[in-house]
Amino acid sequence: MAFFQPQKESFKFLITTFFISPICFLISCKSQVDSLPQESYPKQIRVGIRTTSSGIGSKNKDGSYGGFCAEFLKTLEHELSRQNRQIPVIPKDISNQYRGKAYPRYSGLTAEKIEMECGPNSTFTLKLRDRQDNQLLKSKILFSKKSFHTTGIKLLLNKKTAVELENTPENQLEKKLSALSIAVIRGTTTLQQFRKNGNYYDGYVPYPKIKQKNQKLDIRDLALDDLEKGEIKAFASDAIILRTLLEEGIQGKSGYRKSRQPFKNKNYVMYPQAPNTYLPKLKKQQYAIAINKNTDYAKWLRETADKVLEKPSLNQAKQDIQKYENGGDILSPVPQTLLSEKPREKPSKSDKGNNPFLDPGVITAFITAVSTILVGYWQYGRRNKAKSGSEEVKG
């Protein structure tokens, strides 16, 4: 028990150490939270909303947004408030959807007109090239590590053709699909997958058929016109995008995109028709939040997006995406409640991972520090005891 009987000098040492250690610990925690200099944080976070699929992002008549992206915006605001970051979140329309080389994919991010993009964006797009300068997109953008939806590729086609495919024996399906003329849009991960499996889908046709310089119209119009005229048999895209074409059609824009009635009204269906079943040989794709890679705050923005995507409050919105893709009820508009009016959520288990005091690295550092203090104190006590014993012998 001699270890717990400190002399006056060792008691001072112990008191000083235990006063300084918590201060160092708090400084360590604070440095983990404030990983960027204050001036390096964005002044605003503009989030581009792709409305290609209303199950993920849609714009209401009053100018507000619906779908998963609307919930993401509100949860992002809440997370910034939790971090004590007074950074406004501003939704923006995406105007570069299917508009070819003149308006390439993610141009809003690369031109720094937005900081984030929410929509049916597959992480596979990192392997694509920017259609303006031919550089790989992975050199310009990054995705959140957490995804919010997994989907696959299906076909939009006449019901008669779909029934024929559904009734085709599995050992003859490859031959049937290979002979089918399928429109696929250039500059998409869908075309990338069809090219890799060209033997299985020998009849696919990239659109536009002839590369058009400064194409400003919706390229899908070219393919969908041919589909309705019977010049091609099917149109390929992600299942959730086709679900919007099937159930809701397309809202036109003057000089840019044609209006189209829901394709289900014209006797079209999706193939394969079974939920969560996609075209054979083609990989499933994960949707995540796209971020401009070349900024000082890109890493922080990605970490923040990951924290948002882990929030339990988004679970229902994620389930609604899957329900929508599988042909469930059309999503009702998300109530447009401002963050200031939204009651603060109770900390959830997932929020524990955001608490620096519960970070494994911080805990390990704290335990190491305390252990070092105790060992040092023990050694200090032994030296004092030995010194006292030596003096007694001399005396």
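Right above here is the structure, for reference.
A. Representation of the state of the cysteines. Enumeration over the complete set of coordinates arrives at one disulfide. The disulfide partner of cysteine 69 is cysteine 118, and the gap between their sulfur atoms is 2.1 Å. One disulfide, between cysteine 69 and cysteine 118, carries an S-S torsion of -90° and so falls in the left-handed class. Linking cysteine 69 in helix 2 (residues 68-82) with cysteine 118 in strand 5 (residues 116-118), this pair joins segments that are 49 residues apart in sequence.

B. Local environment of the sheet that holds strand 10 (residues 234-238). Reading across the sheet, the five strands line up as 9-8-10-7-11 and stay open at both edges, with mixed pairing between neighbours. Of all the strands in the sheet, the pair left with one neighbour each is strand 9 (204-207) and strand 11 (268-271). The average undirected angle you get between the axes of adjacent strands in this sheet is 35°. Against the sheet, helix 4 (residues 159-166) touches strand 7 (153-158) and strand 11, its axis set at about 125° to strand 7. Packing against the sheet, helix 6 (residues 189-196) makes contact with strand 7, strand 8 (182-185), strand 9 and strand 10, and its axis sits at approximately 125° to strand 8.

C. Spotlight on the sheet that holds strand 1 (residues 45-49). Taken in spatial order, the five strands make up an open sheet running 4-1-5-12-6, and their pairing is mixed. Single-partner strands in this sheet number two, and they are strand 4 (89-93) and strand 6 (141-151). Across the sheet, the mean angle separating the axes of adjacent strands is 30° when strand polarity is ignored. Looking at chain direction, strand 5 and strand 12 (residues 285-292) are connected through two bridges and run antiparallel. Bridge pairing links glutamate 117 to alanine 290 in strand 12.

Basis of the calculations
- Residues numbered from 1 in each chain as written.
- Predicted model: local features only at pLDDT ≥ 70, side-chain atom pairs only at ≥ 80, totals over all residues.
- Heavy atoms only, no water.
- Disulfide = S-S within 2.5 Å.
- Helix = DSSP H or I, 4+ residues; strand = E, 2+ residues; numbered from the N terminus.
- Pairing = 2+ DSSP bridges.
- Axes fitted to C-alpha atoms, helices over the stretch in contact; angles between N-to-C directions.
- Contact = heavy atoms within 4.5 Å.

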